[in-house]
Amino acid sequence: MSQLILENLRKAFEPGTLNEKIALDGLSLEIAKGDFVTILGSNGAGKSTLFNAVLGKFPLDSGSVVLDGEDITWQKDYRRARSIGCLYQNPLRGTAPNMTIEENLALAYTRTASRSFFAVHKRDSAYFRELLAHLKLGLEDRMKTKMGLLSGGQRQAASLVMATIARPKLLLLDEHTAALDPATSAQVMDTTRRLIAETGLTALMITHDMDLALDCGNRTLLMDAGRVVLDVSGPERAALTPRGLVDLFRARAGHNLSDRAMLST
Ligand SMILES: Nc1ncnc2c1ncn2[C@@H]1O[C@H](COP(=O)(O)OP(=O)(O)O)[C@@H](O)[C@H]1O
Ligand SMILES: [Mg+2]
């Protein structure tokens, strides 16, 4: 069953001007329930715009977005936020830096449940502690620490728990480890993979790392100029190397990926 169906998405920024930029150019995509899809593409390919379209950050010029059988094309972004979890490069985006980890988790937790009610119950507190302890990052002992005081890696790990605590219908990760040092990035990636595997969440992850893109999840997309130019899964993907990916891209997109010097290996 398809968890996400995108049909013919089109979005032009600054239309009718010299600066017109077609960020999504008739993009169609179906994502199965439980899929963990990695997305590659040079800078400006439209990857973040794709996420923003799913999140309802702007009205589309055309096309439709169906999530878990529901047409959400015209649904307001704050309503979608209840069923879509997302993480960005900047660890502070989407969290309240002056609130404690526990309060942030409670906020994320109650956002989907009874929205009029906001309190950290003892029972919830124990639950949050358990979730954090599971990450093995020592966050369970820092529940009263303000989010803004955590290290980048700890913040991303805590944000990941926030984004998944209410079991969203979809998890969107937009280069969420790109701003971290390599060791921390690897640690957060590890946590990410574990969380997705354990929860069976349907997830899309944008990354610049080709090895990671081929190693994580079960399907890889390559975007260029607002379209998906490559979509690999199964044995074809299993046999693919970053080098092979670059060659395939050149064949499909008609220009060299490294010419754009944006996709690093
Ligand atoms: N809010 C915006 N206003 C104008 N142009 C935008 C806006 N958002 C994205 N774009 C343009 O759309 C194109 C795709 O951007 P984006 O989706 O951010 O690319 P990616 O995430 O793949 O690097 C780029 O040319 C970018 O400059
Ligand atoms: Mg982007």
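**Topic: the sheet that holds strand β2 (residues 21–32)**
Hydrogen bonds between backbone groups are what pair the strands of a sheet, and the pairing can be parallel or antiparallel. Ordered by their spatial adjacency, four strands build an open sheet running β2-β1-β4-β5, and the pairing between neighbours is antiparallel. Each of the sheet's edge strands pairs with one partner strand only, and the pair in question is β2 and β5 (70–71). Sheet topology note: the strand β1 (residues 2–13)/strand β4 (residues 62–67) ladder contains five bridges and is antiparallel. Residue pairing across strands places I5 opposite V66, the latter belonging to β4. Contacts from helix α1 (residues 47–55) reach β1, β2 and β4, with the element oriented near 65 degrees to β2.

**Side note on the site of ligand 1**
Around ligand 1, the structure places F13, E14, K21, A23, G41, N43, G44, A45, G46, K47, S48 and T49. Broken down by secondary-structure element, the contributors of at least two residues to the shell around ligand 1 are β2 and α1. When grouped by side-chain class, the residues that make up the shell around ligand 1 number three nonpolar, six polar and three charged.

**A short note on the pairing of strand β10 (residues 227–233)**
For a regular strand, the rule is simple: side chains alternate between the two faces of the sheet. Pairing between strand β9 (residues 219–224) and β10: six bridges, direction antiparallel. Paired with L222 across the two strands is L230, which belongs to β10. Here β9 folds back onto β10 in antiparallel fashion, the turn holding two residues, of which A225 has a positive phi close to 45 degrees.

**A short note on α1**
Residues lying three or four places apart along an α-helix face the same way, a consequence of the helix completing one turn every 3.6 residues. Within α1, seven of the nine residues are buried, which leaves it mostly tucked inside the rest of the structure. Following α1 by one or two positions, G56 adopts a phi angle in the positive range, close to 75 degrees.

**Some points on the nonpolar core**
Membership of the largest hydrophobic core comes to 65 residues, with the highest contact counts inside it found for I39, L105, A158, V161, L172 and A203. With six residues, the top contributor of residues to this core is helix α5 (residues 152–164). Looking at which domains feed residues into this core, each of domain 1 (2–83 + 168–260) and domain 2 (96–158) gives three or more. Discounting chain neighbours no more than four positions away, the residues touching L172 are F51, V54, I84, C86 and L204.

**Brief notes about the domain arrangement of the protein**
Per the domain assignment, the segments making up the protein are domain 1 (2–83 + 168–260) and domain 2 (96–158). On a C-alpha basis, the centroid separation for the pair domain 1 and domain 2 is 27 Å. On the domain 2 side, the residues contacting the nine residues of domain 1 number seven residues. Its residues assigned to classes, the side of domain 1 that touches domain 2 comprises three nonpolar, five polar and one charged.

Analysis parameters
- Residues numbered from 1 in each chain as written.
- Chains lettered and ligands numbered in written order.
- Predicted model: local features only at pLDDT ≥ 70, side-chain atom pairs only at ≥ 80, totals over all residues.
- Pairing = 2+ DSSP bridges.
- Helix = DSSP H or I, 4+ residues; strand = E, 2+ residues; numbered from the N terminus.
- Contact = placed C-beta atoms within 7 Å.
- Axes fitted to C-alpha atoms, helices over the stretch in contact; angles between N-to-C directions.
- Near = placed C-beta within 6 Å.
- Nonpolar A, V, L, I, M, F, W, Y, C, P; charged D, E, K, R; others polar.
- Buried ≥ 20, exposed ≤ 12 C-beta atoms within 10 Å, placed from the backbone.
- Core = buried A, V, L, I, M, F, W, Y, C linked by C-beta atoms within 7 Å.
- Domains from an automatic or database assignment.

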